[in-house]
Amino acid sequence: MIKIVSLKKITTKGKAIYLAYDQGLEHGPETDFNDVNVNPLYILDIAKKGKFNGVVFQKGIAEEYNKEIRKSKVPLILKLNGRTRLVKGDPISAQIATVKDAVKLGASAVGFTIYIGSKHEEEMIEEFSKIQTEAHKKNLPVIAWIYPRGGKVKNDVSREMMAYATRTALEIGADIVKIKYGGKKKDLEWAVKSAGRCKVVIAGGSKKSEKDFLKQVKEIKDSGAIGLAIGRNVWQSKDPLGLSKKIREIVGN
Ligand code: FBP
């Protein structure tokens with residue numbers, strides 16, 4: 001009998017919003033952070049008070065701030081791979097942490113990026129496969145960040161690419177897939193359908209006006225996705241808790 005991993009710890013009524021904070025590695029502090037949100041404890045506080053279903057950290061932050069993370073009771077989603085934006089060409093996300101690290105750090109789920117379309121896709125899919133098997137043995141859900149990039153990918157948020165990303169996640173055994181949304185609700189509906197029983201969450205992207213962002217959240221909810229895994233739009237906001245509340249009201253978690 002195949003064991004189905006429970007998403008209970010990282011969802012509310014089947015819905016979810018996760019606070020992503022791996023941008024320090026992916027983008028660097030200069031582009032995304034200010035004097036306040038550069039501090040991981042500020043993010044943890046938003047995740048707790050904003051009632052997020054999880055906070056996404058890389059291994060280093062999860063280790064250094066482990067005491068506070070555990071005390072906060074916010075579910076930790078440990079990102080297992082990452083990269084900087086400094087290398088050009090087809091991207092690869094290097095494995096940084098293991099499922100064992102996730103268990104040791106008290107994580108409730110693990111996250112892993114795959115750039116489908118990159119010439120390094122094979123390596124990332126192979127690593128993912130090992131991680132997925134190991135994580136499921138430990139009853140840890142696996143969230144796949146699937147971003148079409150490199151190779152022949154022209155538009156990473158086209159109908160074809162969004163659905164290819166979600167379907168890839170289903171085929172390789174992710175429990176939740178995180179994709180980018182191109183802004184066409186019909187295309188997202190198709191991507192959600194293509195994901196089958198794999199749940200879909202959407203990345204936020206760079207900071208937008210609150211009005212535009214909430215309009216997008218509504219479309220995401222109506223498309224059948226279970227929620228969002230967002231960073232900059234929340235922790236770059238002047239009122240992150242007010243915005244989180246509005247997002248929760250739309251998502252229904
Ligand atoms: P945002 O909501 O801030 O866009 O974060 C979502 C996310 O997936 C992060 O987890 C990650 O650091 C970043 O986007 C990567 O985006 P990109 O590869 O496009 O720079």
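Residues numbered from 1 in each chain as written. Predicted model: local features only at pLDDT ≥ 70, side-chain atom pairs only at ≥ 80, totals over all residues. Heavy atoms only, no water.

Colleague: Got a minute to help me understand the pattern of salt bridges in this structure?
Modeller: This model, assessed by the stated rule, comprises nine salt bridges. Between Lys49 and Asp45 there is a salt bridge, with the nearest N and O atoms lying 2.9 Å from each other. In this pair, Lys49 and Asp45 both sit in helix α3 (residues 40–49), four residues apart, roughly one turn of the helix. Given the relative accessible area of 52%, Lys49 is considered exposed. Glu171 is the salt-bridge partner of Arg167, the closest N and O atoms lying 3.2 Å from each other. A residue pair is termed a helical-turn pair when its members lie 3 or 4 positions apart in one helix, as Arg167 and Glu171 do in helix α8 (residues 159–172) at four residues. Classification of Arg167 by relative accessible area gives partly exposed; the value is 38%. Residue Glu171 is classed as exposed on the basis of its relative accessible area, which comes to 58%. (Salt bridge = Lys/Arg side-chain N within 4 Å of Asp/Glu carboxyl O. Helix = DSSP H or I, 4+ residues; strand = E, 2+ residues; numbered from the N terminus. Buried < 20%, exposed > 50% of the residue type's maximum accessible area, 1.4 Å probe, protein only.)

Colleague: I keep staring at the site of the ligand and nothing clicks. Help me out?
Modeller: Neighbouring the ligand are 16 residues; Asp22, His27, Tyr147, Lys180 and Arg232 lie closest to it. Interatomic distance of 3.1 Å between a backbone N/O atom of Gly204 and an oxygen atom of the ligand. Within the complex, 92% of the 480 Å² of free accessible area of the ligand lies under protein. Residues that form the shell around the ligand fall into these classes: five nonpolar, five polar and six charged. (Near = heavy atom within 4 Å. Polar contact = N/O pair within 3.5 Å; in protein donor to acceptor, adjacent residues only side chain to side chain. Areas by Shrake-Rupley, 256 points an atom, 1.4 Å probe, with all protein chains shown as cover. Nonpolar A, V, L, I, M, F, W, Y, C, P; charged D, E, K, R; others polar.)

Colleague: What is the right way to look at the sheet that holds strand β10 (residues 227–230) in this model?
Modeller: Where strands meet in a sheet, backbone hydrogen bonds hold them as pairs that are either parallel or antiparallel. Strand order in the closed barrel made by the eight strands is β1-β2-β3-β6-β7-β8-β9-β10, with parallel pairing throughout. Strand-to-strand twist of the sheet, defined as the mean angle between neighbouring strand axes without regard to direction, takes the value 25 degrees. In the sheet, strand β1 (residues 16–20) pairs with strand β2 (residues 54–57) via three bridges, with the strands oriented parallel. Across the sheet, the residue bridging to Ala20 is Val56, located in β2. Each of β1 and β2 touches α3; the most contacted strand, β2, lies at about 160 degrees to it. (Pairing = 2+ DSSP bridges. Axes fitted to C-alpha atoms, helices over the stretch in contact; angles between N-to-C directions. Contact = heavy atoms within 4.5 Å.)

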